[in-house]
Structures are given as structure tokens and as C-alpha cells.
Amino acid sequence: SSDLILPRPPRHGLCTQGNGNALGKDRKAYSRRVQGHPMAFLDWKTDYSVGVAIFDDEHKKLIAIINSLYDSILAGVDNTALCQISDAMVEYTIMHFRHEEMYFDDWAYPDAAAHIASHGALRQQVFDFRQQIGGADSHTLAEEMLTFLRQWLIEHIQVEDRAYGEFLFDKGVR
């Protein structure tokens, strides 16, 4: 799948103890992936490039975390493991948004306010999902979060992020 290094989950994460193995039934699909038959939930495509290498790399890491969560669901891991991966997603997403917003400020990106508002809405939705993971339906909620994130990330990168990418590219940022 990916050789990207995932961020370490925070020690103070939102994880609660739990015991769930709801989706561990799909071991056949998981074992095919482990045996080298890629079935990633979300693959990086060059179409997702915004033209700024550092943000493309960060988007690839977000995709890797999403795929890690997907693999964990298929493997039937317990709620604690789902919490840790979800914490990593929340933490990395927050860091990535701050990084983009820093560039917006540094380069006076004209559409920064709308883009930052979009980030705020996603941050809240991801945090809401995350708060619920660890309960009885953790695997179902993690699946819902994955589906939501895949759709949101692809649309956000291809529209909003591509716009700042073009702006920064025109300013000489690669």
C-alpha cells in the first residue's frame, strides 16, 4: 500500500476502552490486501496534485492514514486501535490545515477566508465522528467517517486546494 510514515497518535487522545470486532468478518478481503493484492480504500492519483510538493506529500499522508483506518476495520481490530488511528487522522488533519493556512497568510491568498471556513467545517465533522468512535458502534462509525473523508478529500483537493495551488504556483511556490 504505502511506505509513508504515519504520525504517532497523541497520548492524550480521545480513546475510550472498548471491545468491538464488528467488521472482522471480511478477513478474506483483508488477507488479499496483505498478500500483495492492493485494494486500497483510496489511492493517490496525479489528478489530485495541487502543484505544490509539500501539500501533495501531506495529502498523500492523509490518504495513507485513511487507508490505515480502512485496513484496521477489515482486520477487525478492537476499538482502542480504531481510536488511535482516528486520533492520528484528527491530529494530522489539524496540522495540515494549519500548514496550508500559514501559506495563505504568508502569500496573501485572496480566497483564504472561504478556504479556512471549509477547513473549520471539516475539522468539526471529523472531531464529531472521532468523539463517537470508541463506543458500541465504533466500526460502523469509522466506516462512515472513511466514506465521508474520501468524498470530502477528493472534492476539496480537486477544487479548493487546486485553486490555492495555482495561486501559489503563479507566485513561484513549487
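For clarity, every value in this text was computed on a predicted model and none was experimentally measured.

A. Structural view of the overall build of the protein chain. Looking only at helices and strands, the protein chain features five helices and zero strands. Along the protein chain, from the amino end to the carboxyl end, the secondary structure elements read α-α-α-α-α. As presented, the protein chain carries roughly 9,200 Å² of accessible surface, and 52% of it is formed by carbon and sulfur atoms.

B. Up close: helix α5 (residues 138–170). Largest kink in α5: about 40°, centred on I157. Residue G172 follows α5 closely and has a positive phi angle near 95°.

C. View of helix α2 (residues 53–75). The end-to-end C-alpha distance of α2, which contains 23 residues, comes to 32 Å, matching closely the 33 Å that a straight helix rising 1.5 Å per residue would cover. Taking burial as the measure, the 23 residues of α2 include 17 buried ones, the bulk of the element.

D. Layout of the packing of aromatic side chains. Counting across every chain of the model gives nine aromatic pairs. Measuring from ring centre to ring centre gives 5.3 Å for F104 and Y164, while their planes differ by 65°; the resulting arrangement is edge-to-face. Placement of the pair is F104 in helix α3 (residues 79–107) and Y164 in helix α5, with a sequence separation of 60 residues. Accessibility assignment for this pair places F104 and Y164 in one class, buried. Ring pairs connect the aromatic residues F55, Y103, F104, Y109, Y164 and F167, which therefore count as one cluster.

E. Just the nonpolar core, in detail. The biggest cluster of nonpolar side chains holds 41 residues, and the ones touching the most others in it are I66, L69 and L168. Of all elements in the fold, only α2, α3, α4 (112–132) and α5 reach the threshold of two or more residues within this core. Per-element accounting of this core gives the leading share, 11 residues, to α5. Leaving out residues up to four positions away in the same chain, I66 has contacts with F41, L42, M89, L146, L149 and L153.

F. Structural detail: the packing of α2 against α3. Look at α2 against α3: their axes get within 10 Å of each other, and the N-to-C directions meet at 165°. With respect to α3, the element α2 is oriented roughly antiparallel. Crossing handedness for the pair α2 and α3: left-handed. Residues I54, F55, E58, H59, K61, L62, I65, I66, S68, L69, S72 and I73 of α2 pack against L82, I85, S86, A88, M89, Y92, T93, M95, H96, H99, E100 and Y103 of α3. Tallied by class, residues from the contact of α2 with α3 come to 14 nonpolar, seven polar and three charged.

G. View of the environment of R150. Secondary-structure assignment places R150 in helix α5. In this structure the C-alpha to C-alpha distance between R150 and I63, which are 87 residues apart in sequence, comes to 8.3 Å. Apart from the residues lying within four places of it in its own chain, the contact partners of R150 are F41 and L42.

What counts, and where the lines are drawn
- Residues numbered from 1 in each chain as written.
- Predicted model: local features only at pLDDT ≥ 70, side-chain atom pairs only at ≥ 80, totals over all residues.
- Heavy atoms only, no water.
- Helix = DSSP H or I, 4+ residues; strand = E, 2+ residues; numbered from the N terminus.
- Areas by Shrake-Rupley, 256 points an atom, 1.4 Å probe, with all protein chains shown as cover.
- Bend = angle between axes of the 7 residues up to and from the residue.
- Expected span 1.5 Å × (residues − 1).
- Buried < 20%, exposed > 50% of the residue type's maximum accessible area, 1.4 Å probe, protein only.
- Phe/Tyr/Trp six-rings, centres within 6.5 Å; stacked < 30°, edge-to-face > 60°.
- Core = buried A, V, L, I, M, F, W, Y, C linked by side-chain atoms within 4.5 Å.
- Contact = heavy atoms within 4.5 Å.
- Axes fitted to C-alpha atoms, helices over the stretch in contact; angles between N-to-C directions.
- Parallel < 35°, antiparallel > 145°, perpendicular 65-115°, else oblique.
- Left-handed = near helix turned anticlockwise from the far one by under 90°.
- Nonpolar A, V, L, I, M, F, W, Y, C, P; charged D, E, K, R; others polar.

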